[in-house]
Amino acid sequence: EPEVTQTPSHQVTQMGQEVILRCVPISNHLYFYWYRQILGQKVEFLVSFYNNEISEKSEIFDDQFSVERPDGSNFTLKIRSTKLEDSAMYFCASTSGGELFFGEGSRLTVL
Amino acid sequence: AQKITQTQPGMFVQEKEAVTLDCTYDTSDPSYGLFWYKQPSSGEMIFLIYQGSYDQQNATEGRYSLNFQKARKSANLVISASQLGDSAMYFCAMREVYNTDKLIFGTGTRLQVFP
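Cut-offs and rules
Residues numbered from 1 in each chain as written. Chains lettered and ligands numbered in written order. Predicted model: local features only at pLDDT ≥ 70, side-chain atom pairs only at ≥ 80, totals over all residues. Heavy atoms only, no water. Salt bridge = Lys/Arg side-chain N within 4 Å of Asp/Glu carboxyl O. Helix = DSSP H or I, 4+ residues; strand = E, 2+ residues; numbered from the N terminus. Buried < 20%, exposed > 50% of the residue type's maximum accessible area, 1.4 Å probe, protein only. Contact = heavy atoms within 4.5 Å. Disulfide = S-S within 2.5 Å.

1. Let's talk about the pattern of salt bridges
Residue and element names in this part refer to chain B.
Now for step 1: Within this structure, the stated rule accounts for 4 salt bridges over all chains.
Now for step 2: A salt bridge links Asp26 to Lys73, with the nearest nitrogen and oxygen atoms 3.3 Å apart. Of the two residues, Asp26 sits in strand 4 (residues 24-26) while Lys73 sits in the loop between strand 8 (64-69) and strand 9 (74-79), which places them 47 residues apart along the sequence.
Now for step 3: The class for Asp26 is partly exposed, based on a relative accessible area of 39%.
Now for step 4: Taking the relative accessible area as the measure of exposure, Lys73 reaches 30% and is therefore partly exposed.
Now for step 5: Arg63 is the salt-bridge partner of Asp86, the closest N and O atoms lying 2.8 Å from each other. In this pair, Asp86 is assigned in the loop between strand 9 and strand 10 (88-96) and Arg63 in the loop between strand 7 (60-61) and strand 8, connecting sequence segments 23 residues apart.

2. Here's the deal with the side chain of Ser58(A)
All names here are of chain A.
Now for step 1: Examined against the element boundaries, Ser58 turns out to sit in the loop between strand 6 (53-57) and strand 7 (65-68).
Now for step 2: Given a relative accessible area of 13%, Ser58 falls into the buried group.
Now for step 3: Leaving out residues up to four positions away in the same chain, Ser58 has contacts with Phe45 and Leu46.

3. Regarding the state of the cysteines
What is meant by a disulfide is a covalent connection between two cysteines, made through their sulfur atoms.
Residues and elements named next belong to chain B.
Now for step 1: Overall, the coordinates contain 2 disulfides over all chains when judged by the stated rule.
Now for step 2: Disulfide pairing is shown between Cys23 and Cys92; the S-S distance is 2.0 Å. For the disulfide bridge between Cys23 and Cys92, the dihedral angle about the S-S bond is near -65°, and by the sign convention the bridge is left-handed. Residue Cys23 is located in the loop between strand 3 (19-21) and strand 4, and its partner Cys92 is located in strand 10; the two are separated by 69 residues in the primary sequence.
Now for step 3: Assessed through its relative accessible area of 0%, Cys23 is described here as buried.

Spelled out as structure tokens, the structure:
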């Protein structure tokens, strides 16, 4: 069964460092998303991506964040200069229009 | 603006019993979809069931059913014959069709199934 894959599963970084989280969405899906979940809290929308551009972003997705689809398969989330409050689980998701299929998440710990 | 409310932070149910997890929503979009996801302690998000706003019948998927009451703007998840493996966090979510393509989640309900 096709699935969304994310790497790394866990990353520890120092405050101020750049982090890139990678995702391979399901191959025939057209819509891509990043969500984050701070430990024990709700799943928050960050950004949606369609037709090679951002279609919507939340207020959380400020200038420190960027997304890219550098080739036909990968979908990346970059955090330019990490802050302590960026520590969270980051989920990538994709869909062809129905339910969203989520990856297993990348846990980011900022020290 | 779309909004999802889950008023039960935690629920307990005995194995083999049925349990209802509440979800209410608010939207001005006439066309929307309602989803339930399960998040076990391992952290992944597992899709359970979907209900479209124009669907005439309540959605069912195995032991999961969605009690959709459009006039009351509620989309409660019913789990029948609970199993120990059902212990997890459950999130209700909504996606509007015209205004946005994002899925918005409620705060979740933690379900504990005991023997």
